[in-house]
There are 2 protein chains.
Amino acid sequence: MSKQREALWCALEERSWKGKTLASVTTPAFVIHKDVVQRNCTRMLQTCLSLGVKLRAQTKTHKTIEGIDLQTGGSRRCLVSSTLDECEFLADHGCDDVLFGHPLVAHHLHRVTRLTKALEEFHVMVDSEEAVQVLTDAAPPAGKQWSVFLKLDCGKKRAGVWHQDIELGCTIVKSLTSSNNIIFRGVYTHCGDTYAAANMQQLEEIRDANVSRLLVFVKALEARLGVVCQTVGVGSTPSCSNPSPLMAQLTELHPGNYVFYDVQQQLLGSCAQDDIAGAVATRVIGHYPHRNQMLIDCGFSGLTKQGEGKMPAAGYGVIKGHPNLRLRSLDQEHGTVEPTGDEELDYSKYPVGSMLFILPYHSCATAAQYGVYLVVEDGVVMEEWRPTRGW
Amino acid sequence: MSKQREALWCALEERSWKGKTLASVTTPAFVIHKDVVQRNCTRMLQTCLSLGVKLRAQTKTHKTIEGIDLQTGGSRRCLVSSTLDECEFLADHGCDDVLFGHPLVAHHLHRVTRLTKALEEFHVMVDSEEAVQVLTDAAPPAGKQWSVFLKLDCGKKRAGVWHQDIELGCTIVKSLTSSNNIIFRGVYTHCGDTYAAANMQQLEEIRDANVSRLLVFVKALEARLGVVCQTVGVGSTPSCSNPSPLMAQLTELHPGNYVFYDVQQQLLGSCAQDDIAGAVATRVIGHYPHRNQMLIDCGFSGLTKQGEGKMPAAGYGVIKGHPNLRLRSLDQEHGTVEPTGDEELDYSKYPVGSMLFILPYHSCATAAQYGVYLVVEDGVVMEEWRPTRGW
């Protein structure tokens, strides 16, 4: 930071909002309600406890150490992250038992080696013979082995060995178990196809199909190779927020979005609107009575356009407490708000300078737009959470 | 940065990619071709020169000092930014004659005062009597006046006094010109409705409608109030990339996206594909022959979903040099790629670990996902541009 910029910022006392009123913060701002985060995290820990499985908390939605403390009940253990940047961030903050939940390729090896050395337990995920080869060809750090999960595709059709391809699965597991470099940990599935469910019945069907397919695969491994999977994990917020008794046959769940939830999760039935812990604070910056609209200072840079077409009534995001308002359009730094119906906008309710709070359609995308999240209680910024960023 | 993280990063020598090969960089990465940026910037400067108007370069697409140097031919003068953060970034880097191109509200006053003090010329934009009141009520820094543009809406229907509302326009300008605190600079229009054009004819019609409406308004101001606008500006990349002789009657143009361009601009006819200066470098991370797809390590976190539904053939982004490939889906850190037609994917062309380059639908949104842009020449990272971020 240059001297002049430092001067501007220090003079403004804006480098930290802690202790200041919400009314004073620069908008757009990502505001979180810690009590709601706490409640969401406690509920997921209890879900896992009652199923008799571990929670391997996915950190991708918030990417903060404060969120991880709530997810893990303070232990900072048993985590999964989707970028090596996050894994390194976790390593920095005393976390351990971390899974890099992304298909391993050769390019990752250098950083994976460092993390394997730095942590007591660092795990990677493979879904091909080529990826196994990367590990069998490389020497793990002294006194360590590569700790490896097989990624299985039980319906999502993203990464993973297709669950019906028992041959390929067995070939990979055989390679994993026969290398001295490697400890085979078990099998992992992301049941992200639950996001495509149109209703709760479909969601439950997709969830149970994923779990059943995974269990069938695990039994086939045992029958064919005599290999017992120490870990069998399935995750996604829609499935773990609506758990099934079938999940008690697993050893781990690994949801992530539940920390904040969002409108997408509400529409899926994963949560109530009151469970959505994060919102974008924005100010009304203009009244345009001739077109029955007003302007806010949140554009796609502060929200993302992920809600486009997903919430016909609300537009790009739900304006909390104002079901009569639609976020009609988003440019980079501006949003246009209008009534949902034919009524005239009552501008006296929304003075220029007043704040509105937008519940994001997809909190993972929205949170990633911010260098800091403001934890607000009774109108005061109590904490600032600073997420990691990058890859 | 904690000691451990510092150690991890330093050991990896990844804190800077400068001088390293493109093949070695962490993906996704935002890669820019400086020669293309340079060409785009030179062309826009020439357009303005031949029209006899100034270029007031909008910085929002790239938010870097390197981009500003190319936009301004090194002068760092005559700029417009849409956030106060950017204005402060510019002030830090010796830029001047800067317009905060966002409707002014009372909350901005503190930072606007600092910037007015710090810069020789700092301008704000108003579109309401309330905003004028904010300025007339506040003392400008010693020896300064508030420098103010009237924002006019000539068709975009975002911010601004509606061009036909001459009464409101005159009332505001009268207040501006009668306050000792204020210098009235002129009138400004963002002709962003050009983005809605379905073809070049429509684009030209919208562009000319905006310019004509602005000129009519300016004449009305002069006729009614005897006020001459020192500055009359219109901007948007589609209009300024396809300029009209009518624009010679203006004093300034203020496009921004042209620095990088993108697929949206190509589809609008603002540029050719070769003019798109930025692309997301991503690696192939998995082959899935049973579903004729492959996986890449760029998800919405590295591209944004702004292309959704906009490019039926390409999907979420155009994969450069591979018109036969579609970016079918995007999760947070994964993208699924498949052929556009019925053909079988030839995996030998796309080995795991090989790079693909995605041309973004909207470069402003995509660039904002990155803390650094990599300037690549002949496969080597020659420069790193670090954008400012926030509001």
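Residues numbered from 1 in each chain as written. Chains lettered and ligands numbered in written order. Predicted model: local features only at pLDDT ≥ 70, side-chain atom pairs only at ≥ 80, totals over all residues. Heavy atoms only, no water.

As recorded by an unreviewed UniProt entry, chain A carries the name D-serine dehydratase and is attributed to Hyalella azteca. Listed in UniProt under the heading Sequence similarities (unreviewed entry), the comment for chain A reads: "Belongs to the DSD1 family." (UniProt positions renumbered as here; feature names shortened; annotations may be inferred.)

Helix and strand content of chain A: 12 helices and 19 strands. When its C-alpha atoms are laid out on the principal axes, chain A stretches across 75 × 55 × 35 Å. Within the span of chain A, comprising 391 residues, buried residues form 62% of the whole. For chain A, contacts bridging at least 24 residues in sequence account for 67% of all contacts bridging at least 6. (Helix = DSSP H or I, 4+ residues; strand = E, 2+ residues; numbered from the N terminus. Buried < 20%, exposed > 50% of the residue type's maximum accessible area, 1.4 Å probe, protein only. Contact = heavy atoms within 4.5 Å.)

This part takes up the interface of chain A and chain B. Tallying the contact residues gives 69 residues for chain A and 70 residues for chain B. Carbon and sulfur atoms supply 52% of the area that chain A and chain B bury against each other, a total of about 6200 Å² over both sides. If you sort the residues of chain A by the area they bury against chain B, Arg-158, Arg-389 and Trp-391 of chain A come out on top, with a joint share of 13%. Joining chain A to chain B, the criterion identifies 10 salt bridges. At the boundary of chain A and chain B, one finds 29 residue pairs in polar contact (both at pLDDT 80 or more). At the level of secondary structure, the elements contributing two or more residues to the side of chain A that touches chain B comprise α1 (3-12), α4 (84-92), β5 (96-103), α5 (109-118), β12 (278-288), β13 (293-296), α11 (300-303) and α12 (363-367) of chain A. If one sorts the elements of the side of chain A that touches chain B by residue count, α1 of chain A sits on top with six residues. Classifying every residue of the side of chain A that touches chain B gives 24 nonpolar, 22 polar and 23 charged. (Buried area = accessible area lost by both parts, 1.4 Å probe. Salt bridge = Lys/Arg side-chain N within 4 Å of Asp/Glu carboxyl O. Polar contact = N/O pair within 3.5 Å; in protein donor to acceptor, adjacent residues only side chain to side chain. Nonpolar A, V, L, I, M, F, W, Y, C, P; charged D, E, K, R; others polar.)

Under the definition given, this model contains 12 aromatic pairs over all chains. Seen from their ring centres, Tyr-370 of chain A and Trp-391 of chain B are 5.1 Å apart, and the 35 degrees between their planes marks the pair as tilted. Of this pair, Tyr-370 of chain A sits in the loop between α12 and β18 (373-377) while Trp-391 of chain B sits in the segment after β19 (380-385), placing the two residues on different chains. Overall, the relative accessible area of 16% leaves Trp-391 of chain B in the buried class. Judged by centre distance (5.2 Å) and plane angle (70 degrees), the ring pair of Phe-30 of chain B and Tyr-373 of chain B falls under edge-to-face. Taken as a pair, Phe-30 of chain B in strand β1 (residues 29-32) and Tyr-373 of chain B in strand β18 (residues 373-377) lie far apart in primary sequence, 343 residues in all. Taking the relative accessible area as the measure of exposure, Tyr-373 of chain B reaches 2% and is therefore buried. (Phe/Tyr/Trp six-rings, centres within 6.5 Å; stacked < 30°, edge-to-face > 60°.)

A word on the pattern of salt bridges. Summed over the entire model, instances satisfying the criterion amount to 38 salt bridges over all chains. Taking the shortest distance from any N to any O, the salt bridge between Arg-56 of chain A and Glu-252 of chain A comes out at 2.7 Å. Linking Arg-56 of chain A in the loop between β2 (54-55) and β3 (57-58) with Glu-252 of chain A in strand β11 (residues 252-253), this pair joins segments that are 196 residues apart in sequence. Here the two residues Arg-56 of chain A and Glu-252 of chain A agree in accessibility, since each one is buried. Between Arg-328 of chain B and Glu-338 of chain B there is a salt bridge, with its nearest N and O atoms 3.0 Å apart.

The next point concerns the relation of the copies chain A and chain B. The transformation that overlays chain A on chain B combines an axial shift of 0.0 Å with a rotation of 180 degrees, and the residual RMSD is 0.0 Å. The operation mapping one copy onto its partner corresponds to a two-fold rotation axis. With an isologous cut-off of 70% or more, the 100% of interface residues of chain A that recur at the interface of chain B puts this contact in the isologous class. (Least-squares fit on C-alpha atoms with pLDDT ≥ 70 in both.)

Let's shift gears to the packing of helix α7 (residues 166-178) of chain A against helix α8 (residues 200-225) of chain A. All names here are of chain A. The geometry of α7 relative to α8 is characterised by a closest axis approach of 10 Å and an angle of 60 degrees between their N-to-C directions. It follows that α7 is oblique to α8 by the angle criterion. Seen from above, α7 lies across α8 with right-handed handedness. Facing α7, whose interface residues are Ile-166, Glu-167, Gly-169, Cys-170, Val-173 and Lys-174, α8 presents Phe-217, Ala-220, Leu-221, Arg-224 and Leu-225. Its residues placed into classes, the contact of α7 with α8 shows seven nonpolar, one polar and three charged. (Axes fitted to C-alpha atoms, helices over the stretch in contact; angles between N-to-C directions. Parallel < 35°, antiparallel > 145°, perpendicular 65-115°, else oblique. Left-handed = near helix turned anticlockwise from the far one by under 90°.)

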